[in-house]
There are 2 protein chains.
Amino acid sequence: MAPETLPTYADVEDAAGRLHGRAHHTPVVTSSTVDRMTGAEVFFKCENFQRAGAFKFRGAYNALSRLSPEARKRGVLTFSSGNHAQAIALAGQLLGIPTTIVMPRDAPAVKLEATRGYGGEVVLYDRATSHREELGQRLAAERGLTLIPPYDHPHIVAGQGTAARELFEEVGALDCLLVPCGGGGLLSGSALAASALAPSCKVVGVEPAAGDDGTRSFRTRTLQQVQNPDTIADGARTQSLGRITFALVLRLVHDMVTVTDDQLIRGMFLLWERLKIVVEPTGALGATALLERIVDLRGKRVGVIVSGGNVDLGQVGDWVKRREATPRAIPS
Amino acid sequence: MAPETLPTYADVEDAAGRLHGRAHHTPVVTSSTVDRMTGAEVFFKCENFQRAGAFKFRGAYNALSRLSPEARKRGVLTFSSGNHAQAIALAGQLLGIPTTIVMPRDAPAVKLEATRGYGGEVVLYDRATSHREELGQRLAAERGLTLIPPYDHPHIVAGQGTAARELFEEVGALDCLLVPCGGGGLLSGSALAASALAPSCKVVGVEPAAGDDGTRSFRTRTLQQVQNPDTIADGARTQSLGRITFALVLRLVHDMVTVTDDQLIRGMFLLWERLKIVVEPTGALGATALLERIVDLRGKRVGVIVSGGNVDLGQVGDWVKRREATPRAIPS
């Protein structure tokens, strides 16, 4: 993709206007306990309180709101079993745009229900016999639907950047911003916002150790992949960064780090226990890099994007046992 | 106790002044999902975000701040294994008042640590061989400490009433206010606030079905007791209302209802899953009465006090299994 087609901060501004009154202006939460534990002044931007439970609504609504009247009438399609699916379905419902979501037949019932609850038409496929991108592209072509990918799209990136924009506008300049990274939409959008609103702020992407393709891509400056990484951070199991997001990460992101799943469980549950907020594993990646001192931020003003809160509570019992089996006090 | 010694709304106002800048002004959360499910307009007052994780800090700080300089110097004592213990320890730390907390030897380690972390001196006793009230009173007498009970105290009641006061000041008049009830401190304080700020608002106390002493006391107008009720709502396992709280409940509360533990688990987890907030079982009593339609509030403006968020995550796995074993869709 040619550099001139990359989104800019002006696109983030434009997205903020479109999202005004439609997306939640999510709260920024502070904790004297966390500040004491980390030695930093920490601001958590809580996208777990966003509509449909994650930042994904921002990009989805922005992308759909920019479609032509004809494209809106025909409708949109996406393939996702995660937060992007529900975000597209809800954005479509609000904008009166028909949505088709391609999801695996074995997706959790609660996710199928939620997506249908927002009015999305769910098309199921069999993981063993079908390839979701091919199925999605064929369906889109047959039905004249516009395909809205989960991250590698300028309007998606611009929409995701509005969360960090709100954070900087509320708390002012920061020394560092920690951002979960899967396909890089939230990370590159956040970096766009930081580059305009807090140029001296270091933007750091955080991945699960098993899905460290973005970190390797950042270090080698060559796009790296990972196949079905074994991590509880299901929102960061993406195969690789996208063309757009990788280009922006290389230009605007200052560092990439990883956290293990054991660290992630400790970090996530600390947010549950101390901040009393429900955060999903992927949503706790940034906070964990801080709490486990993967990045040493003592004495700094730090922003942390808490990206989502859609958790299957059926897994909590196992995660708690895993935490008990790997005890380590959070450094203090 | 003579009626003239009961706290009044003026005491709640006084407490609000003392708590200003020391207690958190907790957020009021709304949810379009909950509004759609219940047909009501619902405002959740989130005391799970209060300091030390529960409304208890309000009463504790108010009571300690009213002590004479001499009493402050000698210190205070309380007996509690729950949120009141941590609240007293934290309030003492902030006010420079030594605190002694009598706790059972088998209390969860995390609660002992938290209480000690706030600077409280923990005195352990053996449930099998000691009686905590006797031990507490003996210690208080020996050391000249002021005993601060968990609910049956005018300054405690007045402090707890400041949460509902903030709610009414933020959202205006309500048709109904749902309040968790253990010993009745939060309930009677809330009723004091309602009586002054929203006289037409019906105040309803909510208890666990196994610990329905308050509901029976309310119906019979005679103080009833319950012994070690089997309920997950550990903050509502109190033996009975107090003299002060019972008198106020009879005068100012409009109804009392109960919810079963199975209902409570569904209600609590709905708050986790939809509102993305961590609420302890006792904290979800009021919300559950609404969500399970124990009280039908369609078309009404409803306030719900979410009283605390201190959960032992080790229990979540069992609660989730229990919910799966008693499936019932929340009425919609």
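As shown above, the structure is provided for reference.
In this text the structure is predicted, and so the values were computed from the model without any measurement.

A. Structural detail: the interface of chain A and chain B. Residue-level contacts link 18 residues of chain A with 18 residues of chain B. Taking both partners together, chain A and chain B bury about 1500 Å²; carbon and sulfur atoms supply 66% of that area. Looking at the side of chain A facing chain B, the largest losses of area belong to Lys276(A), Val278(A) and Leu313(A), adding up to 45% of the total buried there. Put simply, chain A and chain B have zero salt bridges between them. For the pair chain A and chain B, the interface holds six residue pairs in polar contact (both at pLDDT 80 or more). For the side of chain A that touches chain B, the secondary structure elements donating two or more residues are α12 (261-275) and α14 (316-325) of chain A. Residue classes in the side of chain A that touches chain B are distributed as nine nonpolar, six polar and three charged.

B. How the structure looks around the pairing of strand β3 (residues 76-79) of chain A. Residues and elements named next belong to chain A. Of the two faces of β3, the one holding Val76 and Thr78 and the one holding Leu77 and Phe79 are both buried throughout. Pairing geometry for β3 and strand β4 (residues 99-104), over four bridges, is parallel. Counterpart to Leu77 in the pairing with β4 is Thr100. Crossover β3 to β4 through helix α5 (residues 83-95) is right-handed. Bridge analysis of β3 against strand β6 (residues 146-147) gives two bridges, and the strand direction is parallel. In the sheet register, Leu77 faces β6, and the bridge partner there is Leu147.

C. Expanded view of the sheet that holds strand β5 (residues 121-125) of chain B. Residue and element names in this part refer to chain B. The strand order across the open sheet built from four strands is β5-β4-β3-β6, with neighbouring strands paired in parallel fashion. Taken across any chain shown, the strands that pair with only one partner, and hence form the sheet edges, are β5 and β6 (146-147). Seen against the sheet, helix α5 (residues 83-95) touches β3 (76-79) and β4 (99-104) and runs at an angle of roughly 165° to β4. Where helix α7 (residues 132-143) meets the sheet, it contacts β3, β4, β5 and β6, and its direction lies at approximately 175° from that of β3.

D. Quick peek at the pattern of salt bridges. Residues and elements named next belong to chain A. Tallying each qualifying case throughout the model produces 38 salt bridges over all chains. Among the ionic pairs, Arg58 bridges to Glu166, the shortest N-O distance being 3.0 Å. Placement of Arg58 in helix α3 (residues 56-65) and of Glu166 in helix α8 (residues 154-171) is noted, with a sequence separation of 108 residues between them. The residues Arg58 and Glu166 share a single accessibility class, namely buried. Among the salt bridges present, the one from Asp106 reaches Arg127, with a minimum N-O distance of 2.9 Å. Remark: Arg127 occurs in the loop between β5 (121-125) and α7 (132-143) and Asp106 occurs in the loop between β4 and α6 (109-117); sequence separation between them is 21 residues. For the pair formed by Asp106 and Arg127, the shared burial category is exposed. Through salt bridges with shared partners, one network takes in Lys45, Glu47, Arg58 and Glu166.

E. Quick peek at the sheet that holds β4(A). Read across the sheet, four strands follow the order β5-β4-β3-β6 (chain A) without closing on themselves; strand pairing throughout is parallel. Here the strands that pair on one side only, and so sit at the sheet edges, are β5 and β6 of chain A.

F. Up close: unusual backbone geometry. Residue and element names in this part refer to chain A. Here Ala52, not a glycine, exhibits a phi torsion of approximately 60°, which is positive. Even without a glycine there, the phi angle at Lys276 is positive, about 65°. Here Lys276 shows up in the loop between α12 and α13 (285-291). The class of Lys276 is buried, set by a relative accessible area of 6%.

G. The relation of the copies chain A and chain B, seen in detail. If you rotate chain A by 180° and push it 0.0 Å along the axis, it lands on chain B with an RMSD of 0.0 Å. Interpreted geometrically, this transformation is the action of a two-fold axis. Rotation axis and chain A: the residue whose C-alpha lies nearest the axis is Gly317(A), separated from it by 2.0 Å. Taken as a fraction of all interface residues of chain A, those also at the interface in chain B reach 100%, which identifies the copy contact as same-surface.

H. View of α14(A). All of the buried residues along α14(A) are Val316(A), Gly317(A), Trp319(A) and Val320(A). For α14(A), the angular spread of the buried residues around the axis is 165°, confining them to a single face. What points out from α14(A), more than 90 degrees from its buried face, is the exposed set Asp318(A), Lys321(A) and Ala325(A). Elements in contact with the buried residues of α14(A): α12 of chain A together with α14 (316-325) of chain B.

Rules behind the numbers
Residues numbered from 1 in each chain as written. Chains lettered and ligands numbered in written order. Predicted model: local features only at pLDDT ≥ 70, side-chain atom pairs only at ≥ 80, totals over all residues. Heavy atoms only, no water. Contact = heavy atoms within 4.5 Å. Buried area = accessible area lost by both parts, 1.4 Å probe. Salt bridge = Lys/Arg side-chain N within 4 Å of Asp/Glu carboxyl O. Polar contact = N/O pair within 3.5 Å; in protein donor to acceptor, adjacent residues only side chain to side chain. Helix = DSSP H or I, 4+ residues; strand = E, 2+ residues; numbered from the N terminus. Nonpolar A, V, L, I, M, F, W, Y, C, P; charged D, E, K, R; others polar. Buried < 20%, exposed > 50% of the residue type's maximum accessible area, 1.4 Å probe, protein only. Pairing = 2+ DSSP bridges. Right-handed = clockwise from strand over helix to strand, strands pointing away. Axes fitted to C-alpha atoms, helices over the stretch in contact; angles between N-to-C directions. Least-squares fit on C-alpha atoms with pLDDT ≥ 70 in both. Arc of directions from axis to C-beta.

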